[in-house]
Amino acid sequence: MASLEIGIIGLPNCGKTTIFNALTGAGVVVQPFAATEVSVNTGVAQVPDPRMAPLATVEDSQRLVPPTVQLVDVAGLQRGAGRDGGLSGEFLQALRAADALIHVVRTFEDEAVFHVDGRLDPAADAEGVDLELLFADGALVTKRLERLERAVKVGQKEAKAEADLLSELAVVLDAGSPARDFAKFKALPLEVQTDLLTAKPMMYVANTSESGDPEAVAALQAYAGSAEVVAVAGRFESDLAEIEDPEERSLFLAEIGQEEPSAPRVAAAAFRMLELITFFTAGPKDVWAWTIRQGSNAVEAGGKIHTDIARGFIRAEVINWQDLVNAGSRAEATKLGQLRVEGKDYIVQDGDVLNVRFNV
Ligand SMILES: Nc1nc2c(ncn2[C@@H]2O[C@H](COP(=O)(O)OP(=O)(O)OP(=O)(O)O)[C@@H](O)[C@H]2O)c(=O)[nH]1
Ligand SMILES: [Mg+2]
């Protein structure tokens, strides 16, 4: 899997670029007005993992290599933008390439910041954007059906089969359900599966004031149902990202009662929705965090590190990161019987520290 790509969507001026900056520390200029032109910021966010530092202490490692996620920040989704094939090409392309979406919803109150509807209603805002995504998918299905029409008329079986599927999907979308709820989704052509925006895993980020806006966040969660909602004090944290001194940062964070920046919480939620887990390799050189799909076996995990490791896989020595940290050293953990030897079929667990033996 190439580097994970997450698209950031939301109404104009809800704070997408601010959240992007908070998560990437990229320092992209934010606009106090609703920008209408399409612009796409791309940045790489390191995903700090609090398990890495204690591992580095045990292994006396010189550096930490956290996983990274590519974030794509697009201009605000205007109401009606998804209708009549309205979403512009660059915008759609950027979103369709994404593996998942972060939907930013404004919960902060600030008279000085323009809101497209002049009022604060997080659930309605979220629903409005979700509707535009549905419209965009509806337009995609319609276009594809039109293109298939001729082939269907002359009796091409494959075209007919796809057209039937698409017509069923159109009914689902018209009823207001996302494409991910379509029972026959997996039967759709692959490129359709990836292009459908409402099929992408999506989580919400509430862009809050420093107070955390508990009521507005609860309202958004009520709308979001089982989807995750993570609250981030966007402006505060994007200012925080510019402070370099760690001690000063801690003091700043303590002001809003947080121990650490929100990036790890957002990342953890994103990993959950994408069904990804993290395993580690650790030694004197570095502690490295690797991201793999839930349910991957030891060979697949090894392949993530290097293709040679998958090819020449012999066995993996495995220990849970907490057990290793508690034991204080590999030698001690071995004495305690916590270091296991596993074969190819071992299903790697989140938080495993792996040492893969292989020959080439
Ligand atoms: N008070 C307050 N203002 C914020 C917060 N987050 C963003 N803003 C302000 O809201 C305005 C818009 O923020 P952006 O991050 O540019 O919003 P955007 O969603 O990227 O906007 P477009 O790209 O134009 O759609 C800026 O003036 C920000 O400073 C916040 O948490 N609190
Ligand atoms: Mg922006």
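Bear in mind that the values here come from a model prediction, so they are computed numbers and not experimental data.

Q: Tell me about the overall build of the protein, residues and numbers included.
A: Regarding its fold elements, the protein presents 14 helices and 12 strands. Expressed as a percentage of its 360 residues, the buried residues of the protein come to 48%. Considering only contacts within the protein whose residues lie at least 6 apart along the sequence, 67% involve residues at least 24 apart. For the protein, the exposed surface amounts to about 18,100 Å²; the carbon and sulfur share of it is 51%. Separation of charge centres in the protein, based on 33 positive and 54 negative side chains, amounts to 9 Å.

Q: For the pairing of strand β4 (residues 68–74), give the residues involved together with the corresponding values.
A: With respect to burial, β4 is a largely interior element, five of its seven residues being buried. In the sheet, strand β1 (residues 4–9) pairs with β4 via five bridges, with the strands oriented parallel. Bridge pairing links L4 to V69 in β4.

Q: Describe a negative patch on the surface, listing the residues and the values that go with them.
A: Together, E210, D239, E242 and E255 line one region of the surface with negative charge. If you trace the backbone, D239 turns up in helix α8 (residues 234–240).

Q: Provide a residue-level description of the packing of helix α4 (residues 122–153) against helix α5 (residues 157–174), including the pertinent values.
A: At their nearest, the axes of α4 and α5 sit 9 Å apart, and the two run at 155 degrees to each other. For the element pair α4 / α5, the angle class is roughly antiparallel. Crossing of α4 against α5: the hand is left-handed. Residues L134, D137, G138, V141, R144, L145, L148, A151 and V152 of α4 form the contact with α5, whose participating residues are A159, K160, E162, A163, L166, S167, L169, A170 and L173. Per-class residue counts for the contact of α4 with α5 are 12 nonpolar, two polar and four charged.

Q: A description of helix α1 (residues 16–24) should follow, citing residues and the corresponding values.
A: The α-helix advances 3.6 residues per turn, and as a result positions three or four apart in sequence lie on the same side. Of all nine residues making up α1, nine are buried, and the element is well covered by its neighbours. Buried within α1 are the following residues: K16, T17, T18, I19, F20, N21, A22, L23 and T24.

Analysis parameters
Residues numbered from 1 in each chain as written. Chains lettered and ligands numbered in written order. Predicted model: local features only at pLDDT ≥ 70, side-chain atom pairs only at ≥ 80, totals over all residues. Heavy atoms only, no water. Helix = DSSP H or I, 4+ residues; strand = E, 2+ residues; numbered from the N terminus. Buried < 20%, exposed > 50% of the residue type's maximum accessible area, 1.4 Å probe, protein only. Contact = heavy atoms within 4.5 Å. Areas by Shrake-Rupley, 256 points an atom, 1.4 Å probe, with all protein chains shown as cover. Lys, Arg positive; Asp, Glu negative; His and termini not counted. Charge placed at Lys NZ, Arg CZ, Asp CG, Glu CD. Pairing = 2+ DSSP bridges. Patch = residues over 30% accessible without salt bridge, like charges linked within 9 Å, V, L, I, M, F, W, Y side chains within 5 Å. Salt bridge = Lys/Arg side-chain N within 4 Å of Asp/Glu carboxyl O. Axes fitted to C-alpha atoms, helices over the stretch in contact; angles between N-to-C directions. Parallel < 35°, antiparallel > 145°, perpendicular 65-115°, else oblique. Left-handed = near helix turned anticlockwise from the far one by under 90°. Nonpolar A, V, L, I, M, F, W, Y, C, P; charged D, E, K, R; others polar.

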